[in-house]
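Listed below, chain by chain, are the residues.
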Amino acid sequence: MASSSREGSSNSAMAMDAKLMLGTGHGDSHQLKSPSKQDVAAMAIATMSHNDASAARPSPASMNPLLLASASCGSWRGLKFLFNMENTLGQPLMMPTPEFLHLLEGDTDTSGRRIHTNGFLPVQQAYVDGGVGQHESPVVPLFQGVTVEGDTVLHVVASHGDGPNFLRCAEFICGKARHLLFAQNRKGDTPLHYAVRAGKSKMVSCLIGFATTGASSSSTLINFLRKVNDRNETALHDAVRTGNKHIVELLLKNDQELARFPEEGSSPLYLAILLEKNVIARTLYGMGNYNLSYAGVNGQNALHAAVLRGPVLTKDLLEWNNGLTIQRDINGSTPLHFAATRLGNWWQPSVVCSQVLDANPSALYQPDHEGLYPIHVAASVGAKGTIAMFLEKCPNSAFLRDVKGRTFLHVAVENRQVGLVHYACRNQSLMQILNMQDNDGNTALHLAVQSGSIVMFYALFSNCQVELNVTNGKGQTPLDISKYKITQGFYYTQSSEENIHFALTTAGARSCATGQDHFHEFKSDNEIIEIEKVKDTTQTLAIASVLIATVTFGATFALPGGYRADDHTNGGTPTLAGRYTFDAFMMANTLALASSVIATFGLMRSGSPLFKPRNRKFYLGIAFHFMETSLACLFAAFALGVYLVLGPVAHKTATAICVISSVVVLCNKVECWIKWSLLAWPLFLRMGLINGLSKAAIRFFVHLSTEFWPFLFIFGWPAYAKYNHQNHY
């Protein structure tokens, strides 16, 4: 039983290997190495041995394994022997005979080596009564069997080689079953598709010759060459895909109009452009000329594909057929729409866009089904160079609107293309579009405020031609939108929305003339969400505040420099007491401790449900402010302590540490510094040097004093104390 079990496992493995190696599905023939004759014969015999042992029932239409073995290695003698045996026995031979193996051994495999069948003797003994065993299933005529993918024997021969033996195999098969030339497998591929896909030019020529032989007219050959598979592709498509120029020329010589087919779907030229097969594309044009289809998928043409592949192919297509520039795909997009999405250098348009526009400037005024013109498409991707080229050649294209009434500036703002917005605001020829309104009444400034992008807002705000008080369809001015963009409830007060609102208010922008109640929409989160927000923030900050308090408390009794000995004057006091740096260190450490304690108290109240929600948010704001203050004081104490002990012996190092610590404290507010620096120039342009800069300066210094007031005590108090001490003595 054990031996039998091992035999079954071994046979099963051999059968599985045979199935894997003998698969001849389309697409595999030119990727996998063709098996040698001895491999194919061995696999076929192993498969039959396994079938006999396990009594497996193959599909009624399965190809004879001996036939598949012969066809795969190009053994025309084996094919002839099997055909003759079928005529003699009345049914196909199912088991290999010594004579069949001898015929295989007399041939050479695809690499030119002779085949050896030394391992087949045990299987030869299994041949009984013409190879039909008692467990065999009903079989079909020899040339009617197919592989698992529906490939006929001619498919197998066509895909495995085009040497003399394979050509003789094809000749023998076509002589006995010529209809197999037109047979299609489960994916619609003919033997010609397979031969072209495998790059077997001699086999292609041979199959074309067989299709011509015996035909009463050229219609048979034409139908043979124009046969399409399930992907609606002829064999010419496969030749284009593999880039085989010789096969492309061979097919076109036999059918000069082949490049026009199929009439619906992707043409060979479109495929060549898509795959960037420049040589193949020129070959198709040179041989097809007027009999050439430019059609592609989804209503596109070859120029749609060319503009996305580069200027070389685009130039060729425009020279061949300039009319392609006005053709639109299923979305209504022309090739210029496609070209507008390509980004050139910041200061230059893309080359392909310039080529298409030069070939047909009217394409700039052709919208797609959504009403978008090429200038809108270019604005959506921020193609500043392309926009500049459009405006230079067709200045009035700036006023083109889409179905939503948007200009290219509206589209640029909606897509946050800051560079393009800056360009439009600085271009004097575009001043008229700055205040143009879309179908909802929104100007570009309305949309910029709505987006909350402070950089984009400042670009528009700095141009005095931009009106601040235009009302949209809802009666809202930009100031109204900025007011309701500010987050209600608990939020960070230095947000972009806050700065936008301040800039508009400072510049004298007005709200709408209608009643304000019309716009009072409650935008904050509900009360439960606000409380959850406070609770989460409290839990996060509480750990940090207690940690800072612990560190600063410990630093108070572990002072730099140590303490005087008890037997000295003022024993037990700090050694460095009285120095300016020491006093500053103590003040910084004290303020850090005090701020962290205040923050802790605030967090205790904000996290307690005993207080009202409004009070809890107030205490959390206090805690957050003093937490930032304590961190700043802690860094100041660290820098002063290091300077105190290192200054006398390593002054440069101590100074560098102090500078680094200062940079860290300042970086905590880097966002604020950037926003205020951006705000200063627009306010100056809007309000003049004195008014604009004074408004910005006042707000800046108020914010600065709010954030860094502890440093007045840290560095001011020691100076005051030392001055009074000197005057006292």
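Everything quoted here is computed from the prediction, not taken from an experiment.

**Details of the UniProt feature "transmembrane region" (unreviewed entry) in the protein chain**
Feature annotation in UniProt assigns "transmembrane region" (unreviewed entry) to the following positions: residues 541-564, 584-606, 618-643 and 700-720. Taken end to end, residues 700-720 has its terminal C-alpha atoms 27 Å apart, with 95% of it in helix and 0% in strand.

**Observations regarding the packing of aromatic side chains**
In the structure shown here, the tally under the stated rule is 11 aromatic pairs. Centroid distance Phe83 to Phe172: 5.8 Å. Interplanar angle 85°. Geometry classified as edge-to-face. Highlighted residues: Phe83 in helix α4 (residues 76-89) and Phe172 in helix α8 (residues 164-176), separated in sequence by 89 residues. Residues Phe83 and Phe172 agree in their burial class; the two are buried. Over the ring of Trp76 we find Arg168, and its NZ or CZ is 3.7 Å from the ring centre. In this structure, Arg605 packs its charged tip against the face of Tyr619, placed 5.6 Å from the ring centre.

**Details of the packing of α4 against α8**
Contact pair α4 / α8: the axes reach a minimum separation of 8 Å and the direction vectors enclose 25°. On the basis of the axis angle, α4 is roughly parallel to α8. Side by side, α4 and α8 meet where Trp76, Leu79, Lys80 and Phe83 of the first sit next to Asn165, Arg168, Cys169, Phe172, Ile173 and Lys176 of the second. Across the contact of α4 with α8, the residue classes break down as six nonpolar, one polar and three charged.

**Notes on the confidence of the model for the protein chain**
On average, residues of the protein chain score 79 in pLDDT, and 78% of them reach the 70 mark or higher. Of the regions scoring below 50 in pLDDT, residues 114-137 engages in 43 contacts with residues more than four places distant in sequence or in other chains. For residues 515-525, every residue scores under 50 in pLDDT, and the model assigns this stretch 19 contacts once sequence neighbours within four places are set aside.

What counts as what
All residue numbers refer to positions counted from 1 along the written sequence of the respective chain. Given that this is a predicted model, residues contribute local features only at a pLDDT of at least 70 and side-chain atom pairs are listed and counted only at 80 or more, while totals for whole chains, interfaces and linings are drawn from all residues. The side-chain quantities take in all heavy atoms of the structure and omit both hydrogens and water. UniProt positions are given in the numbering used here, feature names are shortened, and annotations may be inferred rather than shown by experiment. Under the scheme used here, helices are H or I runs from DSSP no shorter than 4 residues and strands are E runs no shorter than 2 residues, and both carry numbers assigned from the N terminus. Planes of paired rings set the category: under 30 degrees apart is stacked, over 60 is edge-to-face and the rest tilted, where pairs are Phe, Tyr or Trp rings (Trp by its six-membered ring) whose centres lie within 6.5 Å. Relative accessibility under 20% of the residue-type maximum defines a buried residue, over 50% an exposed one, and the middle range a partly exposed one, all with a 1.4 Å probe and only protein chains included. Whether a charge sits over a ring comes down to the Lys NZ or Arg CZ being within 6 Å of the ring centre and within 35 degrees of the ring normal. Here an axis means a line fitted to C-alpha atoms, over the contact stretch when the element is a helix, while the angle between two N-to-C directions is reported on a 0 to 180 degree scale. Note that the term roughly parallel is reserved for angles under 35 degrees, roughly antiparallel for angles over 145, roughly perpendicular for angles of 65 to 115, and oblique for everything else. Only heavy atoms enter the contact rule, under which two residues are in contact if any of them lie within 4.5 Å. Charged residues are taken to be Asp, Glu, Lys and Arg, nonpolar residues to be Ala, Val, Leu, Ile, Met, Phe, Trp, Tyr, Cys and Pro, and polar residues to be all remaining types, Gly included. Across the chain, each position has a pLDDT score giving the predictor's confidence in that residue, from 0 to 100.

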